[in-house]
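# Observations on the model geometry
These are the residues of each chain, in order.
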Amino acid sequence: MLSELPYQLYECQNSELLKEILFDLEFAGSVYDNNKHDSFRDIMSKATQLDNIKEDEIYPWESFYREKEHLILKVNDEMWKPHQTLFQLAYEDGLNSFLHDKAKDILKNNKINFL
């Protein structure tokens, strides 16, 4: 499902739902935990071909994953999973960052159980 859902949303040109999952750190964390990041990045790179997904919206996310993926995937063991690194890097991305805002929302909603 983690690689199929973005693909199906892209193929049926459902840009609103696709944007929701591409910009969802919890979904992305599951993608990285389950080693489905290649297809996720592929759909992200194609997403601007759809209506309502603009380059300036997707660029910060695409850039973040491109630059940080080696760190996200570096540790994957019983005590620390990629989604934890993803959250940490997103939170530290910068105070004016969309990723920081998403991570802050996750923290504010008590969805973090590893701190």
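Being a predicted model, the structure only gives us computed values, none of them experimental. (Residues numbered from 1 in each chain as written. Predicted model: local features only at pLDDT ≥ 70, side-chain atom pairs only at ≥ 80, totals over all residues. Heavy atoms only, no water.)

Right, let's talk about the nonpolar core for a bit. In this structure, Leu18, Leu22, Leu25, Phe40, Phe64 and Tyr65 are the most contacted members of the largest nonpolar core, which totals 32 residues. When residues of this core are traced back to their parent elements, those giving at least two are α1 (4-11), α2 (15-22), α3 (25-33), α4 (37-46), α5 (55-74), α6 (82-91) and α7 (98-108). Look past the residues within four positions of leucine 25 in its chain and what remains in contact with it is Trp61, Tyr65, Leu86, Ala90, Leu99, Lys102, Ala103 and Ile106. (Core = buried A, V, L, I, M, F, W, Y, C linked by side-chain atoms within 4.5 Å. Buried < 20%, exposed > 50% of the residue type's maximum accessible area, 1.4 Å probe, protein only. Helix = DSSP H or I, 4+ residues; strand = E, 2+ residues; numbered from the N terminus. Contact = heavy atoms within 4.5 Å.)

A few words now on the side chain of lysine 19. Mapped onto the secondary structure, lysine 19 falls in helix α2. When its relative accessible area of 16% is taken as the criterion, lysine 19 is described as buried. A polar atom in the side chain of lysine 19 sits 3.0 Å from the side chain of glutamate 57. (Polar contact = N/O pair within 3.5 Å; in protein donor to acceptor, adjacent residues only side chain to side chain.)

The full count for this structure, using the stated rule, is five salt bridges. Between glutamate 26 and lysine 111 there is a salt bridge, with its nearest N and O atoms 3.4 Å apart. With a gap of 85 residues between them, glutamate 26 in helix α3 and lysine 111 in the segment after α7 connect regions that are remote in the sequence. Put simply, aspartate 38 and arginine 41 hold a salt bridge, and the shortest N to O gap is 3.2 Å. Of this pair, aspartate 38 and arginine 41 both sit in helix α4, three residues apart, which is roughly one turn of that helix. The network of salt bridges with common partners includes Asp38, Arg41 and Glu69. (Salt bridge = Lys/Arg side-chain N within 4 Å of Asp/Glu carboxyl O.)

Just distances and angles here, no functional claims.
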